[in-house]
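# Remarks on the overall topology
Spelled out, the chains give:
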Amino acid sequence: MSETPKVGFVSLGCPKALVDSERILTQLRTDGYQVVPDYDSANIVVVNTCGFIDSAVEESLDAIGEALDENGKVIVTGCLGVKSESILARFPQVLSVTGPQAYEEVVGAVHQHVPISVEHNPFTELVPPQGIKLTPRHYAYLKISEGCNHRCSFCIIPSMRGNLVSRDAGDVLSEAQRLKDAGVRELLIISQDTSAYGVDIKYRTAFWEGRPVKTRMKELCEALGELGIWVRLHYVYPYPHVDEIIPLMAQGLILPYLDIPFQHASKRILKLMKRPAAAENNLTRIRAWREICPELTVRSTFIVGFPGETEAEFQELLDFLEKAQLDRVGCFQYSPVEGAAANELPDSVPDEVKQDRFERFMQTQSKISQAKLQAKIGSRQIVLIDTVGETDAVARSASDAPEIDGVVHVSVDDYDIEPGDFIEVDITGADDHDLFGVIPA
Ligand code: SF4
């Protein structure tokens, strides 16, 4: 039998791009390719790029250049791939360029440039039923839709990924079940707009395990809640129907965690940003959610220095932070993205003002986040173990999503625990981002 062709893979960008990478890798493995972690032994290299902000574009271009230098046979895909002319102008040796979600084209290009032997036997080179995962074994991203129907003025994702296309609920639930069976203990639900799930297919009724399930956020969450593992929602917009999800969190069906990118608090700025659900009174909503589910963790991101943002509007944002008492917050200084509508807006904010507002924002929020962490000292939490060292383990509580939030450091002398275990921990300390705890005697 001839040698199995080997593919190197570089995956850049957000969890949505990671899921695209997993899907391409799963197909390549199914087709008989071996995936290798180095340039030297690879017959060809696929670079899955990100094109969201300028620094991501640079990182992607550097990765393409490095793959060409180190290997020479390179296929480019992902968000930056929509700008194929500029990639090919800079790197004419690149063999093929495709945009995001172009699974078949990427796999086809690999087949074209490194053909697979007809002797490949899919029955002896089985792909695990959960597919190829790029995350640790105990958690996985589950993408429920592609694309987005909104047109936020600072964002070019819809022009790269197209309009919303929801996956059938039966399909999503079958994948969730397979992941659970393969040892996944936490599902991270991702999309561009999780609350819009199913709107494109009019919340069509799907079937899972012989019963009907509507392709809609609430019904999907109820069904996922039956799996008995952690289910964490990302990229939820504050539409009124999000209120229906909070009781499911209070009942323990899904994690009491909402990743909800508010981006600003001023109605005028939100309108200029063309944000979904911009007219909602988010402060009132958050208070009502916390009444139903007091343990709710709210994570959000904000942009400061958006074109036209006045000092008074920025103050409105700081007041919102003080009143909303959000648990986890990320902040970005506005920077124009090539092709975004916001670039045409007047009154851009000078860089030094953006920097000043960013620092004031972070000062305000870090006091809030620290106080929230301090308030957890003395509590008992269930955590999921990520890694285990000689004397301590790194774990996460319901409030901590991987990669973006803090962690819980647990002393584990003489305890027999493994990544993927759920254990109880008594919280004994906190610093600016993380908690520290011990296993109860
Ligand atoms: S909701 Fe707005 S920011 Fe998010 S992907 Fe859609 S257009 Fe972009």
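Report on the accompanying structure. Just so it is clear, the structure is predicted and the values come from calculations on it, not from any experiment.

## Remarks on the sheet that holds strand 3 (residues 44-49)
- Taken in spatial order, the five strands of this open sheet run 2-1-3-4-5, and their pairing is parallel. With one partner strand each, in any of the chains shown, strand 2 (34-36) and strand 5 (96-97) form the two edges of the open sheet.
- Summarising the sheet, strand 1 (residues 6-11) and strand 3 pair through five bridges and their orientation is parallel. Each bridged residue has a counterpart across the sheet, and for S11 the counterpart in strand 3 is N48.

## Some thoughts on the site of the ligand
- Around the ligand sit C148, H150, C152, F154, C155, I157, P158, Q192, Y237 and R275, and those are all the residues in its vicinity.
- For the shell around the ligand, the per-class residue count stands at seven nonpolar, two polar and one charged.

## Let's talk about the side chain of S153
- Here S153 is to be found in the loop between strand 7 (145-146) and helix 5 (157-161).
- S153 sits in the buried class, given a relative accessible area of 4%.
- Beyond its immediate chain neighbours, meaning those up to four positions away, S153 contacts L272, M273, K274, F306, A340, A341 and A342.

## Here's the deal with the environment of V184
- Structurally, V184 can be placed in the loop between helix 6 (169-181) and strand 9 (186-190).
- Taking the relative accessible area as the measure of exposure, V184 reaches 3% and is therefore buried.
- For the pair V184 and T77, spaced 107 residues apart in sequence, the C-alpha to C-alpha distance is 28 Å.
- Beyond its immediate sequence surroundings of up to four residues, V184 is in contact with R137, H138, Y139, A140, L179 and I229.

## Structural notes on the side chain of D400
- Mapped onto the fold, D400 is located in the loop between strand 17 (392-396) and strand 18 (408-411).
- A distance of 2.8 Å separates the side chain of D400 from the backbone nitrogen of S397, its partner in a polar contact.
- When neighbours within four sequence positions are excluded, D400 is seen to be in contact with R232, Y257, R328, D405, G406, V407 and V408.

## A look at a negative patch on the surface
- A grouping of D38, D40, D54, E58, E59, D62, E66, D69, E70 and E338 is seen on the molecular surface, where their side chains present a negatively charged patch.
- Looking at where E58 falls in the secondary structure, it is placed in helix 2 (residues 54-70).
- Classification of E58 as partly exposed rests on a relative accessible area of 39%.

## Structural notes on the sheet that holds strand 18
- The strand order around the closed barrel formed by five strands is 16-17-18-20-19, and the pairing between neighbours is mixed. Each strand axis lies, on average, 50° off the axis of its neighbour in the sheet, ignoring direction.
- The pairing of strand 19 (residues 422-430) with strand 20 (residues 435-438) spans four bridges and is classified as antiparallel. Within strand 20, the residue paired with A430 across the bridge is L435.

About the criteria used
- Residues numbered from 1 in each chain as written.
- Predicted model: local features only at pLDDT ≥ 70, side-chain atom pairs only at ≥ 80, totals over all residues.
- Heavy atoms only, no water.
- Pairing = 2+ DSSP bridges.
- Helix = DSSP H or I, 4+ residues; strand = E, 2+ residues; numbered from the N terminus.
- Near = heavy atom within 4 Å.
- Nonpolar A, V, L, I, M, F, W, Y, C, P; charged D, E, K, R; others polar.
- Buried < 20%, exposed > 50% of the residue type's maximum accessible area, 1.4 Å probe, protein only.
- Contact = heavy atoms within 4.5 Å.
- Polar contact = N/O pair within 3.5 Å; in protein donor to acceptor, adjacent residues only side chain to side chain.
- Patch = residues over 30% accessible without salt bridge, like charges linked within 9 Å, V, L, I, M, F, W, Y side chains within 5 Å.
- Areas by Shrake-Rupley, 256 points an atom, 1.4 Å probe, with all protein chains shown as cover.
- Salt bridge = Lys/Arg side-chain N within 4 Å of Asp/Glu carboxyl O.
- Lys, Arg positive; Asp, Glu negative; His and termini not counted.
- Charge placed at Lys NZ, Arg CZ, Asp CG, Glu CD.
- Axes fitted to C-alpha atoms, helices over the stretch in contact; angles between N-to-C directions.

Geometry only, nothing functional implied.
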